[in-house]
Amino acid sequence: MTPADRERFPPTGVTLKDGRPATLRLLRTDDGERLGDFYAGLDENAARFYWPHPLDHEHARTNASRADSPTEVVLVLETATAALGGYAWYRWQEPAASSTFGICIAVDHQSCGAGRVLMERLLAIAREVGPPCMALTCQHANVRAVELYQKLGFRITREGWLGGRRQWPPEPQYWMERTVR
Ligand SMILES: CC(C)(COP(=O)(O)OP(=O)(O)OC[C@H]1O[C@@H](n2cnc3c(N)ncnc32)[C@H](O)[C@@H]1OP(=O)(O)O)[C@@H](O)C(=O)NCCC(=O)NCCS
């Protein structure tokens, strides 16, 4: 997100369902190491469902270096110890009718509302920045994610197969999308 747009969406305090305080804020170019530590803490289950690229420090540094990109919005959940407890993003290529969405929550922050608050805030930003539609893919087996997306207004547009990756065999997936404004 451009530095000018960034000023329109300042950090927001949230309280997770288990009482932990956190802050939702936009990714910064100096977040590379923090993002890498977050990737390093993910388990195999998270990696099965979230694998846009190898989850290592090198890719984290590259991602953080694009924090001011005009065609990418990355929102992080920062914990009270300044670690990253999760993040959600959307990006597009101009001209675009639709963006692509992704989300991943740290293992010790799952199922306590982090995914929902990140998505709600990201969707509020998407009402003002980026294309009018947001799209994603999600394996059938990721029941928690499918539930979250449907609750937040995404609808299934088609079904198909995700090819086998690393130790996981091919598995069915949904394509989903949502109008954001
Ligand atoms: C899938 C994921 C994003 C969900 O985020 P989360 O923070 O764990 O989920 P939340 O606590 O915000 O819960 C959101 C919804 O998910 C469902 N949910 C959450 N925990 C659940 C559980 N343990 N069992 C079943 N459903 C659950 C509920 O429907 C919940 O709705 P509610 O807000 O009305 O209670 C997160 O678990 C994650 O990052 N998982 C690993 C990576 C991944 O799967 N990424 C998505 C790839 S498509």
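Preceding block: the structure.
Residues numbered from 1 in each chain as written. Predicted model: local features only at pLDDT ≥ 70, side-chain atom pairs only at ≥ 80, totals over all residues.

> Explain the site of the ligand here, please?
Phe49, Ile105, Ser111, Gly115 and Arg116 are the nearest of the 20 residues found near the ligand. Put simply, the parts of the chain that give the shell around the ligand at least two residues each are helix H3 (44–49), strand E5 (98–105), helix H5 (114–126) and helix H6 (143–151). The greatest single-element share of the shell around the ligand, amounting to five residues, is contributed by H6. (Near = placed C-beta within 6 Å. Helix = DSSP H or I, 4+ residues; strand = E, 2+ residues; numbered from the N terminus.)

> Explain the packing of helix H2 (residues 32–40) against helix H4 (residues 57–65) to me, please; I cannot follow it from the model alone.
Between two packed helices, what matters for the description is the angle formed by their axes and the separation of those axes. Two numbers describe how H2 lies on H4: the axes approach to 8 Å, and their chain directions differ by 135°. Classified by the angle their axes make, H2 and H4 are oblique. Here H2 and H4 pass one another in a crossing that is right-handed. The segment H2 lies against H4, with Gly32, Leu35, Gly36 and Tyr39 engaging His57, Ala60, Arg61, Asn63 and Ala64. Looking at the contact of H2 with H4 residue by residue, the class counts come to four nonpolar, four polar and one charged. (Axes fitted to C-alpha atoms, helices over the stretch in contact; angles between N-to-C directions. Parallel < 35°, antiparallel > 145°, perpendicular 65-115°, else oblique. Left-handed = near helix turned anticlockwise from the far one by under 90°. Contact = placed C-beta atoms within 7 Å. Nonpolar A, V, L, I, M, F, W, Y, C, P; charged D, E, K, R; others polar.)

> Please clarify how the nonpolar core should be interpreted in this entry.
Side chains of nonpolar character tend, in soluble globular proteins, to be buried together. Judged by nonpolar contacts, the single largest core of 34 residues is most densely connected at Val74, Leu75, Leu77, Tyr87, Ala88, Leu118 and Leu122. The set of elements that each furnish at least two residues to this core consists of strand E2 (21–26), H2, H4, strand E3 (72–79), strand E4 (84–91), E5 and H5. Looking at this core, the element that brings in the most residues is H5, giving six residues. Filtering out sequence-adjacent residues up to four positions away, Leu75 remains in contact with Leu24, Leu26, Tyr87, Ala88, Trp89, Leu118, Arg121 and Leu122. Formed by six residues, the second largest nonpolar core is a distinct cluster that contains Ala145, Phe154, Tyr174 and Met176. (Core = buried A, V, L, I, M, F, W, Y, C linked by C-beta atoms within 7 Å. Buried ≥ 20, exposed ≤ 12 C-beta atoms within 10 Å, placed from the backbone.)

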